Amino acid sequence: CGAGYNCVQGSCVSACMQTRCDPNATCSLMAGAPACACNRGYIAMGSGVAVTCLQDVACEDLGCDVNASCIVGANQVRTCACKTGYSGSGTSCAPVSCPAPAIENGTVTGGMTYNQMATYRCNTGYRQGTGSWTRTCGSNMQWSGTQPRCDAITCTPAPASPSNGTVSLSQGTMYGSVATYACNQGYRLQGGASRTCGDQGWSGSAPTCAATCGNGELDTGEQCDPTAPASSPWTCMPTTCELDNRK
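Note that this is a predicted model, so its numbers are computed, not measured. (Residues numbered from 1 in each chain as written. Predicted model: local features only at pLDDT ≥ 70, side-chain atom pairs only at ≥ 80, totals over all residues. Heavy atoms only, no water.)

Colleague: Where do I start with the overall build of the protein chain in this structure?
Modeller: When you go through the protein chain residue by residue, the secondary structure sums to one helix and 23 strands. When the 247 residues of the protein chain are sorted by exposure, 25% land in the buried category. Surface summary for the protein chain: the accessible area is close to 15,000 Å², and the carbon and sulfur share equals 50%. (Helix = DSSP H or I, 4+ residues; strand = E, 2+ residues; numbered from the N terminus. Buried < 20%, exposed > 50% of the residue type's maximum accessible area, 1.4 Å probe, protein only. Areas by Shrake-Rupley, 256 points an atom, 1.4 Å probe, with all protein chains shown as cover.)

Below, the structure is given as structure tokens:
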């Protein structure tokens with residue numbers, strides 16, 4: 001028998017008769033040896049007789065997800081592959097997710113999947129500290145930027161007592177604390193009696209304690225002299241000021 005043929009029971013039989021090819025391939029003699037070649041519409045994986053034939057499907061017929069791409073592999077087989085930031089079979093792709101965002105003493109709004117943003121805010125009584133206050137979920141399933149922090153609002157320094165008076169704080173220098181002012185006997189408050197610790201510090205301005213005239217009132221145009229002797233509680237200017245109800 002010639003090359004590529006075997007003697008079987010006295011007859012020459014093509015070697016292809018004894019070669020098992022892929023169901024979608026056809027055997028032919030190549031240089032006197034059997035070889036399997038994939039039929040039209042199929043792509044060969046392997047060579048010689050060890051060939052596997054895969055159906056060649058056009059990209060438009062693969063049914064790739066809108067978030068997938070049609071790629072051609074080294075073996076020329078077309079497949080669907082999810083794009084960056086998505087995972088799945090290729091015919092179905094879902095965005096990857098980042099860890100649930102959270103912040104102590106604050107809130108977070110927004111999404112947590114690829115390309116979605118998370119926005120951080122601080123609760124009342126806290127202000128923005130370090131970190132990123134808007135972060136984006138990346139394809140690596142990690143948030144952009146750095147974790148933000150909410151710092152407690154304090155009003156420092158604490159208000160000082162006015163001359164000839166006192167100040168008391170309801171909660172020290174913490175947010176919401178109220179500073180209450182009072183004057184010593186013989187003085188009266190000029191300005192607000194209280195101030196509150198808020199986002200921008202202490203509200204208003206510090207009051208003062210002014211001396212009262214002998215009649216208990218600081219009349220228009222009068223000026224009291226706190227250096228007067230104790231025997232005559234106040235000496236007022238001008239002399240028209242009433243002293244102990246006397247002119």
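What follows picks up the thread again.
Colleague: Whenever I open this one, the pattern of salt bridges confuses me. Can you help?
Modeller: Pairing between side chains of opposite charge can happen when the charged atoms of each approach one another. A complete count under the given rule lists one salt bridge for this structure. Across the pair aspartate 151 and arginine 149 runs a salt bridge, and its minimum N-O distance is 2.7 Å. By relative accessible area, aspartate 151 is classed as partly exposed at 25%. Take arginine 149: its relative accessible area is 45%, and that puts it in the partly exposed class. (Salt bridge = Lys/Arg side-chain N within 4 Å of Asp/Glu carboxyl O.)

Colleague: Help me out: how do you make sense of the state of the cysteines in this one?
Modeller: Such a bond, covalent and formed between the sulfur atoms of two cysteines, is termed a disulfide. In this structure the tally under the stated criterion is nine disulfides. Sulfur-sulfur distance for the disulfide between cysteine 82 and cysteine 93 comes to 2.1 Å. Between cysteine 82 and cysteine 93, the S-S torsion sits near -90°, and that sign places the bridge as left-handed. Taken as a pair, cysteine 82 in strand β8 (residues 78–82) and cysteine 93 in strand β10 (residues 93–95) lie far apart in primary sequence, eleven residues in all. Two residues, cysteine 122 and cysteine 150, share a disulfide whose sulfurs are 2.2 Å apart. (Disulfide = S-S within 2.5 Å.)

Colleague: Is there a simple way to explain the nonpolar core in this structure?
Modeller: Among soluble globular proteins, nonpolar side chains are generally buried collectively. Membership of the largest hydrophobic core is limited to eight residues, which are Cys98, Ile103, Ala118, Tyr120, Trp133, Cys137, Trp143 and Cys150. Setting aside anything within four residues of it in sequence, one finds cysteine 137 in contact with Val96, Ser97, Cys98, Met112, Thr113, Tyr114, Asn115, Gln116, Gln142 and Trp143. (Core = buried A, V, L, I, M, F, W, Y, C linked by side-chain atoms within 4.5 Å. Contact = heavy atoms within 4.5 Å.)

Colleague: Help me understand the environment of cysteine 12 in this model?
Modeller: Along the polypeptide, cysteine 12 turns up in strand β2 (residues 11–14). Cysteine 12 sits in the partly exposed class, given a relative accessible area of 48%. Separated by ten residues in the primary sequence, cysteine 12 and glycine 2 have C-alpha atoms spaced 8.0 Å apart. Setting aside residues no more than four positions away along its own chain, cysteine 12 makes contact with Cys1, Tyr5 and Asn6.

Colleague: Mind showing me how you'd approach the packing of aromatic side chains here?
Modeller: How two aromatic rings sit relative to each other is given by the distance of their centres and the angle of their planes. Summed over the entire model, instances satisfying the criterion amount to one aromatic pair. Ring geometry for tyrosine 86 and tyrosine 114: centres 5.6 Å apart, planes at 75°, overall edge-to-face. In this pair, tyrosine 86 sits in strand β9 (residues 86–88) while tyrosine 114 sits in the loop between β11 (106–110) and β12 (117–122), placing the two residues 28 residues apart along the sequence. Under the relative-accessibility criterion, tyrosine 86 is labelled partly exposed at 24%. (Phe/Tyr/Trp six-rings, centres within 6.5 Å; stacked < 30°, edge-to-face > 60°.)

Colleague: Explain the sheet that holds strand β20 (residues 201–202) to me, please; I cannot follow it from the model alone.
Modeller: Working definition: the strands of a sheet are paired by backbone hydrogen bonds and lie parallel or antiparallel to each other. Strand order in the open sheet formed by four strands is β16-β17-β19-β20, with antiparallel pairing between adjacent strands. Two strands close off the open sheet at either side, each with one partner strand: β16 (165–169) and β20. One ladder, built from five bridges, connects β16 with strand β17 (residues 178–183); its direction is antiparallel. The residue of β17 that forms the bridge with serine 168 is threonine 180. (Pairing = 2+ DSSP bridges.)

Colleague: Is there a simple way to think about the side chain of arginine 135 in this case?
Modeller: With respect to the helices and strands, arginine 135 occurs in strand β14 (residues 134–136). Within the buried core, arginine 135 has no salt-bridge partner, and the shortest N-O distance to an opposite charge, that of glutamate 104, equals 14 Å. Apart from residues lying up to four places away in sequence, arginine 135 is in contact with Gln116, Met117, Ala118, Tyr120, Trp143, Ser144, Gly145, Thr146, Gln147 and Pro148. (Lys, Arg positive; Asp, Glu negative; His and termini not counted.)

Colleague: Explain unusual backbone geometry here, please?
Modeller: Excluding glycine, most residues fall at negative phi; most peptide bonds, likewise, are trans. Along the chain, threonine 156 connects to proline 157 via a cis peptide bond; the corresponding omega equals 0°. Its place among the elements puts proline 157 in the loop between β15 (150–152) and β16. Here the phi dihedral of asparagine 164 falls at roughly 65°; this positive angle occurs in a residue that is not glycine. You can see asparagine 164 is positioned in the loop between β15 and β16.

Colleague: I'm lost on the environment of methionine 117 in this one. Help?
Modeller: Within the secondary structure layout, methionine 117 lies in strand β12. Taking the C-alpha atoms as reference points, methionine 117 and threonine 136, separated by 19 residues in sequence, lie 4.4 Å from one another. When sequence neighbours within four positions are dropped, the list of residues in contact with methionine 117 reads Thr109, Gly110, Gly111, Thr134, Arg135, Thr136 and Trp143.

Colleague: How should the sheet that holds β11 be read in this particular structure?
Modeller: Overall, antiparallel pairing links the three strands, which are arranged β11-β12-β14 in an open sheet. Looking along the sheet, the strands with just one partner apiece sit at the ends: β11 and β14. Pairs of neighbouring strands in the sheet enclose a mean axial angle of 25°, with direction left out of account. For β11 and β12, the ladder comprises five bridges, and the chain directions are antiparallel. Paired with threonine 109 across the bridge in β12 is threonine 119. (Axes fitted to C-alpha atoms, helices over the stretch in contact; angles between N-to-C directions.)

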